[in-house]
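Close look at the chain arrangement
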4 protein chains.
Amino acid sequence: MPMVCLTDYEDYAREHLPKATWDYYAAGADECCTRDDNLLAYKRIRLRPRMLRNVSVTDTRTTILGSEVSCPVGIAPTAFHCLAWPEGELSTARASEAMKICYITSTYSTCSVEEIAAAAPNGLRWFQLYVYRNRKLSEQLIQRVEKLGFKALVLTVDVPYPGKRREDIRNNFKLPPHLKVKNLDSSFEESNSPEEYGVPVQTLDPSISWKDIHWLQSVTHLPIVIKGILTKEDAELAVEHGVQGIIVSNHGGRQLDGAPATIDALSEIVDTVQGRIEVYLDGGIRTGCDVLKALALGAKCVFIGRPVVWGLSYKGEEGVRDILQILNDEFRLSMALSGCRDVTEVNSSLIQMSRL
Amino acid sequence: MPMVCLTDYEDYAREHLPKATWDYYAAGADECCTRDDNLLAYKRIRLRPRMLRNVSVTDTRTTILGSEVSCPVGIAPTAFHCLAWPEGELSTARASEAMKICYITSTYSTCSVEEIAAAAPNGLRWFQLYVYRNRKLSEQLIQRVEKLGFKALVLTVDVPYPGKRREDIRNNFKLPPHLKVKNLDSSFEESNSPEEYGVPVQTLDPSISWKDIHWLQSVTHLPIVIKGILTKEDAELAVEHGVQGIIVSNHGGRQLDGAPATIDALSEIVDTVQGRIEVYLDGGIRTGCDVLKALALGAKCVFIGRPVVWGLSYKGEEGVRDILQILNDEFRLSMALSGCRDVTEVNSSLIQMSRL
Amino acid sequence: MPMVCLTDYEDYAREHLPKATWDYYAAGADECCTRDDNLLAYKRIRLRPRMLRNVSVTDTRTTILGSEVSCPVGIAPTAFHCLAWPEGELSTARASEAMKICYITSTYSTCSVEEIAAAAPNGLRWFQLYVYRNRKLSEQLIQRVEKLGFKALVLTVDVPYPGKRREDIRNNFKLPPHLKVKNLDSSFEESNSPEEYGVPVQTLDPSISWKDIHWLQSVTHLPIVIKGILTKEDAELAVEHGVQGIIVSNHGGRQLDGAPATIDALSEIVDTVQGRIEVYLDGGIRTGCDVLKALALGAKCVFIGRPVVWGLSYKGEEGVRDILQILNDEFRLSMALSGCRDVTEVNSSLIQMSRL
Amino acid sequence: MPMVCLTDYEDYAREHLPKATWDYYAAGADECCTRDDNLLAYKRIRLRPRMLRNVSVTDTRTTILGSEVSCPVGIAPTAFHCLAWPEGELSTARASEAMKICYITSTYSTCSVEEIAAAAPNGLRWFQLYVYRNRKLSEQLIQRVEKLGFKALVLTVDVPYPGKRREDIRNNFKLPPHLKVKNLDSSFEESNSPEEYGVPVQTLDPSISWKDIHWLQSVTHLPIVIKGILTKEDAELAVEHGVQGIIVSNHGGRQLDGAPATIDALSEIVDTVQGRIEVYLDGGIRTGCDVLKALALGAKCVFIGRPVVWGLSYKGEEGVRDILQILNDEFRLSMALSGCRDVTEVNSSLIQMSRL
């Protein structure tokens, strides 16, 4: 079967990954309302395409935090890539570098940041981190990724506690013994801390608050992006606390079930931020047309999570490149069919607002 | 199969209870629009979770009519627990006491209030009652439960006549001969009165009116909660008649088909009551996230009906404790993931009002 | 199987009637959007029931055009009752008389109006008629029914041409040779006129216009009810032309597909008519709760069509009585559960208008 | 099986055409949201039919660009009719001539315009064209169709690049070698240009812009209709650029997925154009009632695409005549049942605007 669109890779992954692994990636919290709404919300949005605008030359490039990327689609942090493909994050890193897009490396990688940086030395990488009870652990990670040339820190703020994913509990899902969260290997002082998926999670600090943004700024010179904002109030606080970007995210519907689809939450945040910092989005992107809608509603770039894992499961680096190439091609085509030559021409006039 | 969420217990009950018993508990009136909408309405509500608010310490406790409960989830009155588990209401009472929540004991219990009180002497119990044609019968019941330490009377006002539940008619459902509505045993003067489910129901007085609230107040010193209010007009009348609380309820969709989902009716009632008395809700609660939505929209506490029966059918007291523990855990997690440390922080700013 | 609700009789009819007969009665025009929406529209309406209003005595009686009926549910005109039960309209007439409700006899009856009147001499009957190209034919029918004590004429105005019902065309549905439209038997001068279902239909006059109301008034002393109005503009014209009533109807969805559900069209008509004449409704009534909603939105009485045929197919007169009794019982219960003692208390405050 | 409505012909085509051919015609872009919404949108529109208006004489005729047609339904351009029936466009042309409606001949016909004109010399034909990189090729085509008596040029403006139709990619769909796009045969200088479906498509000029309208006007005396407009902004530009008509079209949902249903886009365009030029529509028309809705919302005429191919696949010319006759009959009936005698009486008062 020719692989034509992202859901072809999803079908492949569903058939070929072990059930517990598939379930882990597919999981949403509780009844999965938010996970599913992330996709459905795009289907409710109607575009207003413009014609006869000379789209013979189209350019999908943009910049994020000053770095140029080939396309406003990056890789959102997801855990445990070695579960999907033996070389795991190394493949992801190589595909990102080849495609000239941004790869937000997860703390919960099954390769170390050093290995990842070495595999694709010229790629644009940001590092996703949590705040640990033991702030020293966070600091050490930051120092490592600064040294390795990561260009920004992406602080996940929507996991004071992990969400309730029913299938993972039923499957008693655990990282298999031959895999390790290498970034944290040997770092934990509390070796007997509680674990989730075989990973010590209670060490995540649920006391995390806006004060920690100041602490984080005090220990790094890297720009800070906050991932997990869903309201204008928090967006305003993010701006006031001096961060450089926001990822509008509901963690793929894996944390609070009942949270809005990210594309539905985007507008109030963009309206509040008013361009003072960059606003990105993840969740539910499955076609280039979805990318176009997110950009039209004000996102500077979108990030994809599960599709990357599907690509990995298909053919490692090549599969991830496929996924990115398909989205890039589809986005370029959607842009052209809407009458836009480049991303600066993608704006809210493309959206039928009365239907939102 | 690990029992992870309330619907797992529902599946168990559907498979293990006799069909007529399952049908009796599952029944809704007529076409079951209201029964089903009770659940669907929650799925239409979107939350606005806040981040970075230090939720390291969370507290689910609240008070209802001055009594502290461990969690804003109580047990709504449902009939005939011995149909679901041999020890019936004794198990329900023990689970409620263990979990430190409120158990609204049904008049139509298959254990007597004396047995129930003895089984869990330290539990918080309210007593659900109907107004009988023979007011003396109601008075006697009230005197018994006052003596037994029940803390409030919950007057059901939405059953001037029983609703039309098609499956019960088809099944000719009746309480089996070995079970009795012990609270009423030997109390009926009219021994040949018409029966429903083997229980004399015509003795319920369809002439019940607001005047009876005054009568009720004249025969008890207990606080009175009215169960079955769905409009602001009736909520205002309840306040004016000096009751202490309202349960927004459509009787689980078993009375008037076409009545609104309780979560949809809640706001107009909360807005009218303005905190002068406590407002509770039952109907459709299946997850901790549902509890959070109800509290955000102004309920002081919610009550669950069918899920308790599912828990009983699984393992009696242990099953009911499971159900309550799951809801408590899920509610605590939803609270934390929304940025709330305790129930005082749960308010309407959590709700995306423009989508209601 | 006990027959509990109207759809039980529908299931029976679907299984026991010949397919072409079932299809004929079930048919809607074109894609059946309007036929189906007639039912779905009720499910979108939410009630606002009131409690504690002493509903010990309930009264479902009302009057239509001055005649008392036991319940605000009458029988809408439908054709060919002998297809569903050997005695056909005689059974329908007897059931209506027994239940003290109004039976609108169809011109396209398979018993003559004389036979029908004789079968149930004390029943309240109205006569449904069309305007024929040959006005004399209409006049003769009117004289016959006046003499037989019919109390009103119901002029169907939505069939200038018959609607397109796909299944009837596929089945080449025709009235079988042993059945006749007895009212028209031997009346037609144009014996070779085109036929539909074996009945001459081109003789219906598509030139029918408001002028014909004046003609009709000139040839009868009976009150006139116009059936098939769906807009406020036509309702206003009906009032101005001096008719006594309107039936809001889309012919059961059998004429113009795309017409609104009758319950959705009702409000604008009631608002326009302002009580100057009586407004009735047919289409989509399946439960007593539907009756309550129609009355709350301003209908004085509703009429049922297909359910009568289902009742006939089950057990003739007894089946029709069953249907009427079920609706009466359900309506009485819905009324009581909404806090209404009689139909004068059923008004628009029962409807959650913000959801319409 | 008697063929009663358009979807009967669709069923026939699905069963009898080779899968790849069926897929090609049925295809929508990406997830087919827009293709499917084209149909669903009609089902959301409710009509306001008027009664008693003397519809004994009905007239479906109208004019488009001054030419009279028997019915406001024409044939939209679709490619490759010989795939569906051996005589292909010759049959389509004959059916259109017989039915006295307008046939917009596709550039991508499998018969030449000369053959088509010869087959039905008295038919009303417009010619659909693209702007080619090689303007001379476009000019030559224009000169040929002018000479052949085509009455207007329909410029397709929504294909700067072809949409992504997944099934065609999976099927590797190509025009079979025995078929040719005869209009372009031997015309291409770039004989090795990239191909789509075996047809050179890169020669379509994605630089097409409003300037090209002026160029087109400079090389033809024919009226120009722009096909593919979906916004009021572009409609205004069309008027300003002096074209004679607009076809509101999303290319059958085959170009930009996420574009609105054409019937949903129609109103803003009609409101903007204010009658200065004629506005037509294609997409989703399946019944005469759909035609009525489109006209009521302001379209002067509608055009059908896929249904013509279904008719061809059934019986060539006869099948296309069937389709057109069915739509004409259904439209005439819908008009009459709405109280309209001719198309001048079809206006927006027929539409329940509050439901749009």
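Just so we're clear, the structure is a prediction, and the values are computed from it rather than from any experiment.

**As for the pairing of strand E6 (residues 153-156) of chain B**
In the case of a regular strand, side chains alternate between the two sheet surfaces. Residues and elements named next belong to chain B. Side-chain alternation along E6 places Leu153 and Leu155 on one buried face and Val154 and Thr156 on a second face that is also buried. Bridging between strand E5 (residues 124-129) and E6 involves three bridges; their strand directions are parallel. Bridge pairing in E6 links leucine 129 to leucine 155. For the crossover from E5 across helix H6 (residues 135-147) to E6, the handedness is right-handed. The pairing of E6 with strand E9 (residues 224-229) spans four bridges and is classified as parallel. Residue valine 154 lies in a different strand from E9, and its bridge partner there is valine 225.

**A closer look at helix H4 (residues 89-99) of chain A**
Within an α-helix, residues lying three or four positions from one another point in the same direction, as the helix has 3.6 residues per turn. Residues and elements named next belong to chain A. Summarising burial for H4: eight of the eleven residues are buried, a large majority. Residues of H4 that are buried: Glu89, Leu90, Ser91, Thr92, Ala93, Ala95, Ser96 and Met99. Elements that come into contact with the buried residues of H4 comprise strand E3 (73-75), strand E4 (102-105), helix H5 (113-119) and helix H12 (306-337).

**Some points on the relation of the copies chain A and chain D**
When chain A is brought onto chain D, the operation consists of a screw motion whose angular component is 90° and whose axial shift is 0.0 Å, with 0.0 Å RMSD remaining. Expressed as an axis order, the relation between the two copies is that of a four-fold axis.

**As for the interface of chain A and chain D**
Contacts between the two partners involve 30 residues from chain A, matched on the other side by 38 residues from chain D. Taken over both partners, the interface formed by chain A and chain D buries close to 2,900 Å², and the fraction arising from carbon and sulfur atoms is 59%. When the buried surface of chain A facing chain D is broken down by residue, Met51(A), Leu52(A) and Leu337(A) rank first, second and third, together holding 25% of it. If you look at where chain A meets chain D, you find seven salt bridges. Between Arg50(A) and Asp234(D) there is a salt bridge; the shortest N-O distance is 2.9 Å. Here chain A and chain D share 16 residue pairs in polar contact (both at pLDDT 80 or more) between them. Among the residues making up the side of chain A that touches chain D, the classes are represented as 14 nonpolar, seven polar and nine charged.

**Here's the deal with the packing of helix H4 (residues 89-99) of chain B against helix H12 (residues 306-337) of chain B**
When two helices pack together, their arrangement is given by the angle between the helix axes and by the axis-to-axis distance. Residues and elements named next belong to chain B. The interhelical angle for the contact between H4 and H12, taken along N-to-C directions, is 10°, at an axis separation of 8 Å. Overall, the two elements H4 and H12 adopt an arrangement that is roughly parallel. Every residue of H12 that contacts H4 at Ser91, Thr92, Arg94, Ala95, Ala98 and Met99 is listed here: Val308, Leu312, Gly316, Glu317, Val320, Arg321, Leu324 and Gln325. The residue makeup of the contact of H4 with H12, split by class, is seven nonpolar, four polar and three charged.

Reading the values: rules and limits
- Residues numbered from 1 in each chain as written.
- Chains lettered and ligands numbered in written order.
- Predicted model: local features only at pLDDT ≥ 70, side-chain atom pairs only at ≥ 80, totals over all residues.
- Heavy atoms only, no water.
- Buried < 20%, exposed > 50% of the residue type's maximum accessible area, 1.4 Å probe, protein only.
- Helix = DSSP H or I, 4+ residues; strand = E, 2+ residues; numbered from the N terminus.
- Pairing = 2+ DSSP bridges.
- Right-handed = clockwise from strand over helix to strand, strands pointing away.
- Contact = heavy atoms within 4.5 Å.
- Least-squares fit on C-alpha atoms with pLDDT ≥ 70 in both.
- Buried area = accessible area lost by both parts, 1.4 Å probe.
- Salt bridge = Lys/Arg side-chain N within 4 Å of Asp/Glu carboxyl O.
- Polar contact = N/O pair within 3.5 Å; in protein donor to acceptor, adjacent residues only side chain to side chain.
- Nonpolar A, V, L, I, M, F, W, Y, C, P; charged D, E, K, R; others polar.
- Axes fitted to C-alpha atoms, helices over the stretch in contact; angles between N-to-C directions.
- Parallel < 35°, antiparallel > 145°, perpendicular 65-115°, else oblique.

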